[in-house]
Amino acid sequence: MTEFDYLVVGGGTAGCIVAARLAEDPALSVGLVEWGPSDEHEPRARSIRRWAEMLEGEYDLDYRSVPQERGNSGIRQARLRILGGCSTANTMISWRPRVADLREWVDLGAAGWDAATVHPYYERLQAPITRVPPARHRLPLLHRPGRNRRGRPGRRRARGPPDRRIGTDGVAGSP
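As the structure is a computational prediction, the values presented were derived from the model and not from experiment.

## Brief notes about the pairing of strand E2 (residues 30-33)
The side chains of a regular strand alternate, residue by residue, between the two faces of the sheet.
So, step 1. Relative to E2, strand E1 (residues 6-9) runs parallel, the two being bridged by four bridges. Bridge pairing links Tyr6 to Val30 in E2.
So, step 2. Read from E1 through helix H1 (residues 13-23) to E2, the crossover connection turns out right-handed.

Written out as structure tokens, the structure reads:
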């Protein structure tokens, strides 16, 4: 059995950050346990164009929130059981908390959560934004009933036998 000075349970965003910070001390041994698989060989985690494919998929725990007094109504909370957690599916986007929100937390007793203490950690997360290369293929246009390929009202060009043509209401065989 392997022994560690610290064992971090959960390899999501926070767990990985805690484990990495602890591991900065070379005198400590740190273990990280994640319920889901590694994201190393998950192609959807490696392509910014494909991250949304993991939502509501095999890794998503798909929690639902309850309406909040000062916030949103009930919404989906995608939480992934994969190394990196939900950061694997949200392309590692982070939001810097507003100074007023952090001030409110401190006023309510959360010592050490003021903007001067918290914001430098967000600065450590910053990375240069790089352009995403263009896709190698064009995605098909989505058609709405009664619209042509340019999204304008009108009939679509008929193709195939007359009984299979799509009419202006989007139904095969209708006028």
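## Re the pattern of salt bridges
So, step 1. For the structure on display, the rule yields seven salt bridges.
So, step 2. Residue Arg124 pairs with Glu24 through a salt bridge whose shortest N-O separation is 3.3 Å. Of this pair, Arg124 sits in helix H5 (residues 115-125) while Glu24 is found in the loop between H1 and E2, placing the two residues 100 residues apart along the sequence. A single burial state applies to Arg124 and to Glu24, both of which are exposed.
So, step 3. Salt-bridge contacts for Arg64 lead to Asp62; the nearest nitrogen and oxygen are separated by 3.2 Å.
So, step 4. With relative accessibility at 27%, the residue Asp62 sits in the partly exposed group.

## Examining the environment of Gln68
So, step 1. Note on placement: Gln68 falls in the loop between strand E3 (63-64) and strand E4 (76-77).
So, step 2. Under the relative-accessibility criterion, Gln68 is labelled partly exposed at 44%.
So, step 3. Only 2.7 Å separates the side chain of Gln68 from the backbone oxygen of Val66, close enough to count as a polar contact.

## A look at the nonpolar core
So, step 1. In terms of nonpolar packing, the biggest core is built from six residues, these being Met54, Tyr59, Ala78, Leu80, Ile82 and Ala89.
So, step 2. The residues contacting Leu80, other than those within four sequence positions of it, are Met54, Leu55, Tyr59, Asp60, Gly85, Cys86 and Ala89.

## Here's the deal with the packing of aromatic side chains
So, step 1. The full count for this structure, using the stated rule, is one aromatic pair.
So, step 2. For the pair Trp105 and Trp113, a centre-to-centre distance of 5.8 Å together with 65 degrees between the ring planes defines the contact as edge-to-face.
So, step 3. The partly exposed category is assigned to Trp113, whose relative accessible area is 44%.
So, step 4. A cation over an aromatic ring shows up here: Arg81 above the ring of Trp35, its NZ or CZ 5.3 Å from the ring centre.

What counts and how
- Residues numbered from 1 in each chain as written.
- Predicted model: local features only at pLDDT ≥ 70, side-chain atom pairs only at ≥ 80, totals over all residues.
- Heavy atoms only, no water.
- Pairing = 2+ DSSP bridges.
- Helix = DSSP H or I, 4+ residues; strand = E, 2+ residues; numbered from the N terminus.
- Right-handed = clockwise from strand over helix to strand, strands pointing away.
- Salt bridge = Lys/Arg side-chain N within 4 Å of Asp/Glu carboxyl O.
- Buried < 20%, exposed > 50% of the residue type's maximum accessible area, 1.4 Å probe, protein only.
- Polar contact = N/O pair within 3.5 Å; in protein donor to acceptor, adjacent residues only side chain to side chain.
- Core = buried A, V, L, I, M, F, W, Y, C linked by side-chain atoms within 4.5 Å.
- Contact = heavy atoms within 4.5 Å.
- Phe/Tyr/Trp six-rings, centres within 6.5 Å; stacked < 30°, edge-to-face > 60°.
- Lys NZ or Arg CZ within 6 Å of the ring centre and 35° of its normal.

By themselves, these figures tell us nothing about what the structure is for.
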